[in-house]
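Here is what each chain is made of, one letter per residue.
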Amino acid sequence: MTELTWIMAFCAVGLAPMAWLLPNRWQLPAVSVLTAGFMLAVSPLSALSLLFTASLSYGLFRIKGLTPAWRVVLSTGQSVIVWMVFKSEWPMHQGWQTSVGVPLGLSYYTFRQIHYAIERYKQTLPVHTFIDYLTYLFFLPTLLIGPINRFPDFYRDSRRRRWDSALFSTGLERILYGYAKIVLIGNMLLTDKLAHFIHNLQPHHPSVATYLSIIRFATNAYIQFAGFSDVAIGLSLLIGIRVPENFQAPFLASNLNEFWKRYHISLSSWCRDYVFTPLLSLTRQPVLATLGAMLVLGLWHEWSSQYLVWGALQGLGVLAWHRFKRPSGETSLPVWRSNVVHWLGVLLTFHYFCLTCIVIQKNNWQAVGQTLTQLFAL
């Protein structure tokens, strides 16, 4: 059985029954306890890391001697430090990540903790307890594979949830839909069949093979990610919790700005709310705010120079669209010309995103250069 199958089986056999059969007050705490038990069995480091950072981020707001500003700084700081220690290039090059490992779901719960700290500082959160906070963080369906859901939404659903057979059925359908997306399109067609075709094509048409390899990498990443999000949304529905959609046909976006409103929506909206908006308020510089938000978006995946450059390329693409987009008051084009412009935009956006993925597809900058040389060789 794959890890995905194990998680699905554990949620279906363990979490979902506990979420409905126990007395109401124990249902979601039982889900959290089972999640913690699952993490302890699979990766004790992950369970202890999450419990430690969650306790610290909550406890700092209980210390009366600290000002609200220091509470949010220390709370976000400790989350970011743990995230950087495990996700940076240095421990990876030292082999530390192989011997010690990276806590499961680290990037997701780090950004949830930062969201919680900032919203608690702004006093926008509902009255809650430490158990409510742990229930939010130790929620297996979204802990490992996202999306980065928000605490107020989770808390509201946890109070309103009632047994709904239609919702449960929708959850099962969504799980099957996501599983089929991962297995059939991602694993079988893109990972196996297309990779085999590219391998055979490489000796005779290296440029075409390289081009297809780049397209395969970007589309497979999307399919896998979107499929896992579908599974997470479906598993959450089995427990009666709604979590936000994370993808809305991003490859049909006609510009990069629209693309990032459709691709990994929970992450891009997090960067908008907690990086772009504060930077824009402080500096009044949209260019700086956009680049800052997209750099954080890139580093969320991995604290490395390659993801830093990848994030910068996304930011430059968004800025280029803002620079050259048509003014909103400009006379509209005939329908046929508007359709042509739209689909050219879709094609350009798709290829820009795929080409920028070269920098994260390869293991080092030398391989990135070799790929570009092969791609554009005549």
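Here, every reference points to the structure presented above.
The structure presented is a predicted model; accordingly, all values stated were derived computationally and were not measured. (Residues numbered from 1 in each chain as written. Predicted model: local features only at pLDDT ≥ 70, side-chain atom pairs only at ≥ 80, totals over all residues. Heavy atoms only, no water.)

Q: Any chance you could explain the overall build of the chain here in plain terms?
A: A count of helices and strands for the chain gives 19 helices and 0 strands. In terms of overall size, the chain behaves like a compact globule, its C-alpha atoms giving a radius of gyration of 22 Å where 378 residues would be expected to give roughly 21 Å. On the principal axes, the C-alpha backbone points of the chain span a range of 65 × 50 × 50 Å. Buried positions account for 48% of the 378 residues belonging to the chain. The long-range share in the chain, meaning contacts at least 24 apart out of those at least 6 apart in sequence, stands at 71%. Accessible area for the chain stands at about 19,300 Å²; split by element, carbon and sulfur atoms hold 66% of it. (Helix = DSSP H or I, 4+ residues; strand = E, 2+ residues; numbered from the N terminus. Rg over C-alpha atoms; globule rule 2.2 N^0.38 Å. Buried < 20%, exposed > 50% of the residue type's maximum accessible area, 1.4 Å probe, protein only. Contact = heavy atoms within 4.5 Å. Areas by Shrake-Rupley, 256 points an atom, 1.4 Å probe, with all protein chains shown as cover.)

Q: Got a minute to help me understand the nonpolar core in this structure?
A: Across soluble globular proteins, nonpolar side chains show a tendency to be buried alongside one another. Residues Trp260, Trp310 and Phe353 are the most contacted members of the largest nonpolar core, which totals 89 residues. Top contributing element to this core by residue count: helix 12 (residues 206-238), with 13 residues. Excluding residues within four positions of it along the chain, Phe353 makes contact with Ala218, Phe251, Phe259, Trp260, Tyr263, Trp310 and Gln314. (Core = buried A, V, L, I, M, F, W, Y, C linked by side-chain atoms within 4.5 Å.)

Q: Help me out: how do you make sense of the side chain of Asn246 in this one?
A: Its place among the elements puts Asn246 in the loop between helix 12 and helix 13 (256-262). Look at Asn246 and you get buried, because its relative accessible area is 1%. Within the structure, Asn246 has its side chain in polar contact with the side chain of Ser266 (distance 2.8 Å). Apart from the residues within four sequence positions on either side, Asn246 is in contact with Pro147, Ser229, Arg262, Tyr263, His264, Ile265 and Ser266. (Polar contact = N/O pair within 3.5 Å; in protein donor to acceptor, adjacent residues only side chain to side chain.)

Q: Help me understand helix 1 (residues 3-21) in this model?
A: Each α-helix turn comprises 3.6 residues. Residues three or four places apart therefore point the same way. Taking 1.5 Å of rise per residue, the 19 residues of helix 1 would be expected to cover 27 Å, and the 26 Å separating its terminal C-alpha atoms lies within 8% of that figure. The largest bend along helix 1 measures about 35° and falls at Cys11. The set of residues buried in helix 1 consists of Leu4, Ile7, Met8, Cys11, Gly14, Leu15, Ala16, Ala19 and Trp20. Structurally, helix 1 contributes buried residues whose contacts are with helix 2 (24-42), helix 9 (140-143), helix 11 (165-201) and helix 12. (Expected span 1.5 Å × (residues − 1). Bend = angle between axes of the 7 residues up to and from the residue.)

Q: It is not clear to me how the pattern of salt bridges should be interpreted in this structure. Could you clarify?
A: Should the charged atoms of two oppositely charged side chains come close, the side chains can pair. The tally for this structure, following the rule as stated, stands at 9 salt bridges. Shared partners join several salt bridges into a network, and the residues in it are Arg174, Lys181, Asp230 and Glu245. (Salt bridge = Lys/Arg side-chain N within 4 Å of Asp/Glu carboxyl O.)

Q: Looking at this structure, I do not really get the packing of helix 3 (residues 44-59) against helix 8 (residues 130-137). What am I missing?
A: Relative orientation of the contacting elements helix 3 and helix 8 amounts to 140°, with a least axis distance of 11 Å. Classified by the angle between their axes, helix 3 and helix 8 sit oblique to one another. Seen along the crossing, helix 3 lies across helix 8 with a hand that is right-handed. On the side of helix 3, the interface is formed by Leu50, Leu51, Ala54, Ser55, Ser57 and Tyr58, while helix 8 contributes Phe130, Tyr133, Leu134 and Leu137. (Axes fitted to C-alpha atoms, helices over the stretch in contact; angles between N-to-C directions. Parallel < 35°, antiparallel > 145°, perpendicular 65-115°, else oblique. Left-handed = near helix turned anticlockwise from the far one by under 90°.)

Q: How do you make sense of the packing of aromatic side chains when you look at a structure like this?
A: The geometry of two aromatic rings is summed up by the distance between their centres and the angle between their planes. If you walk through the whole model with that rule in mind, you get 34 aromatic pairs. With a centroid separation of 5.4 Å and 80° between ring planes, the pair formed by Trp20 and Trp163 is classed as edge-to-face. Pair noted here: Trp20 is in helix 1 and Trp163 is in the loop between helix 10 (151-160) and helix 11, with a separation of 143 residues, a long-range link. Look at Tyr116 and Phe151: their rings are 5.6 Å apart centre to centre, the planes differ by 80°, and that puts the pair in the edge-to-face class. With Tyr116 in helix 7 (residues 106-121) and Phe151 in helix 10, this residue pair connects regions lying 35 residues apart in the sequence. Pair check on accessibility: Tyr116 and Phe151 agree, each one buried. Its end group placed over the ring of Trp20, Arg161 keeps NZ or CZ at 4.2 Å from the ring centre. Positioned over the ring face of Phe324 is Arg323, at 5.2 Å from the centre of the ring. (Phe/Tyr/Trp six-rings, centres within 6.5 Å; stacked < 30°, edge-to-face > 60°. Lys NZ or Arg CZ within 6 Å of the ring centre and 35° of its normal.)

Q: Even after reading the chapter, I still don't get a nonpolar patch on the surface, so can you show me in this structure?
A: A grouping of Leu184, Ile185, Met188 and Leu189 is seen on the molecular surface, where their side chains present a nonpolar patch of about 330 Å² in accessible area. Checked against the element boundaries, Ile185 lands in helix 11. Judged by relative accessible area, Ile185 falls into the partly exposed class, the value being 36%. (Patch = residues over 30% accessible without salt bridge, like charges linked within 9 Å, V, L, I, M, F, W, Y side chains within 5 Å.)

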